[in-house]
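What the coordinates show
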Amino acid sequence: MTDLTLTIGDKNLSSWSFRPWFLMMQAGVPFTEDNIALDRPESRGVLKEKSPSGLVPFLTHGEVQVWDSLAIMEYIADLFPDKQLWPTDPAARALARAVSAEMHSGFSAIRTVWPMMFLREHTSHTTQAGVARDIARVDELWTMCRKRYDKNSSAGGDFLFGDFSIADAMYAPVVSRFFTYGPVKVSAESAAYMETIRGTDAWKKWRAGAEAEVTAAG
Ligand SMILES: N[C@@H](CCC(=O)N[C@@H](CS)C(=O)NCC(=O)O)C(=O)O
């Protein structure tokens, strides 16, 4: 198979980049990483020249270029069916897609007011009404999924749908924000889920990469 190259932004900042990188790393999909530093005088020009959408992330696979985090993850799921990156049960898969789509198109208050700053924890912040509403909805979704697909269910596992899936990658940057701007009040199921995500190898590797980038930037 032709090599996959995933182009991403700064690991400390780029929440959209985090999603497909986290998915591919956690699922053991081999890929080459390319980086475009954001928020620099030259960033816009580099993005315009290299990226189909002028944004990161984007995936290059031979002649194929895929932009947009969710489209990239769908493509990876198609390329590697054995990895079962969506739940196999149709009802669970439909719910996982709905939960992922809700993240992709919603939660604008969290995304605007609480930008991802991966390396920071317990940052002083404000919690506006919109943010509180978004937190409550995320908590509701996580709690519902964890209760439905807990260890005693046939899917059995610690992720949103039991086994690791695209839905977990969609919410990984939210987990980061909840640590950065926390402590955020969530259910016991959601709190345990956040620790599951923070305990993954992919999370630890992304964190190490973010630290290295910040150190290199001085
Ligand atoms: N909906 C897109 C959003 C991509 C996006 O907004 N990327 C940001 C970085 S997190 C970006 O490239 N910003 C650069 C800029 O606006 O100049 C996706 O899911 O990939």
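Fair warning: this is a prediction, and the values are worked out from it, not measured in the lab.

A few points about the environment of H61
When you line up the elements, H61 lands in strand β3 (residues 58-61). Through-space distance from the C-alpha of H61 to that of L4 is 4.9 Å; in sequence the pair is 57 residues apart. With sequence-adjacent residues up to four places away left out, H61 is seen in contact with T2 and L4.

Looking at the site of the ligand
Surveying the vicinity of the ligand reveals 14 residues, the closest of which are S14, W16, L55, V56 and S69. Elements with a contribution of two residues or more to the shell around the ligand: α1 (15-27), α2 (43-50) and α3 (69-79). No other element matches the three residues that α1 contributes to the shell around the ligand. Residue classes in the shell around the ligand are distributed as seven nonpolar, five polar and two charged.

As for the packing of α1 against helix α9 (residues 201-217)
Interhelical geometry of α1 versus α9 gives an angle of 125° and a closest axis separation of 8 Å. The angle between the axes of α1 and α9 places the two elements in the oblique class. As for the relative orientation of α1 and α9, their crossing is right-handed in sense. Residues F18, W21, F22, M25 and Q26 of α1 lie in contact with α9, whose contacting residues are D201, A202, K205 and W206.

What to know about helix α6 (residues 129-148)
Given a rise of 1.5 Å per residue, 20 residues ought to cover 28 Å, and the 29 Å separating the end C-alpha atoms of α6 matches this to within 8%. Of all the positions in α6, only V131, D134, I135, V138, W142, C145 and R146 are classed as buried. What you see down the axis of α6 is that its buried residues fit within an arc of 105°, all on one side. Residues of α6 that are exposed and point over 90 degrees away from its buried face: A129, A136 and K147. Where α6 is buried, its residues meet α4 (90-105), α5 (108-113), α7 (166-180) and α8 (188-198).

Rules of the game
- Residues numbered from 1 in each chain as written.
- Predicted model: local features only at pLDDT ≥ 70, side-chain atom pairs only at ≥ 80, totals over all residues.
- Helix = DSSP H or I, 4+ residues; strand = E, 2+ residues; numbered from the N terminus.
- Contact = placed C-beta atoms within 7 Å.
- Near = placed C-beta within 6 Å.
- Nonpolar A, V, L, I, M, F, W, Y, C, P; charged D, E, K, R; others polar.
- Axes fitted to C-alpha atoms, helices over the stretch in contact; angles between N-to-C directions.
- Parallel < 35°, antiparallel > 145°, perpendicular 65-115°, else oblique.
- Left-handed = near helix turned anticlockwise from the far one by under 90°.
- Expected span 1.5 Å × (residues − 1).
- Buried ≥ 20, exposed ≤ 12 C-beta atoms within 10 Å, placed from the backbone.
- Arc of directions from axis to C-beta.

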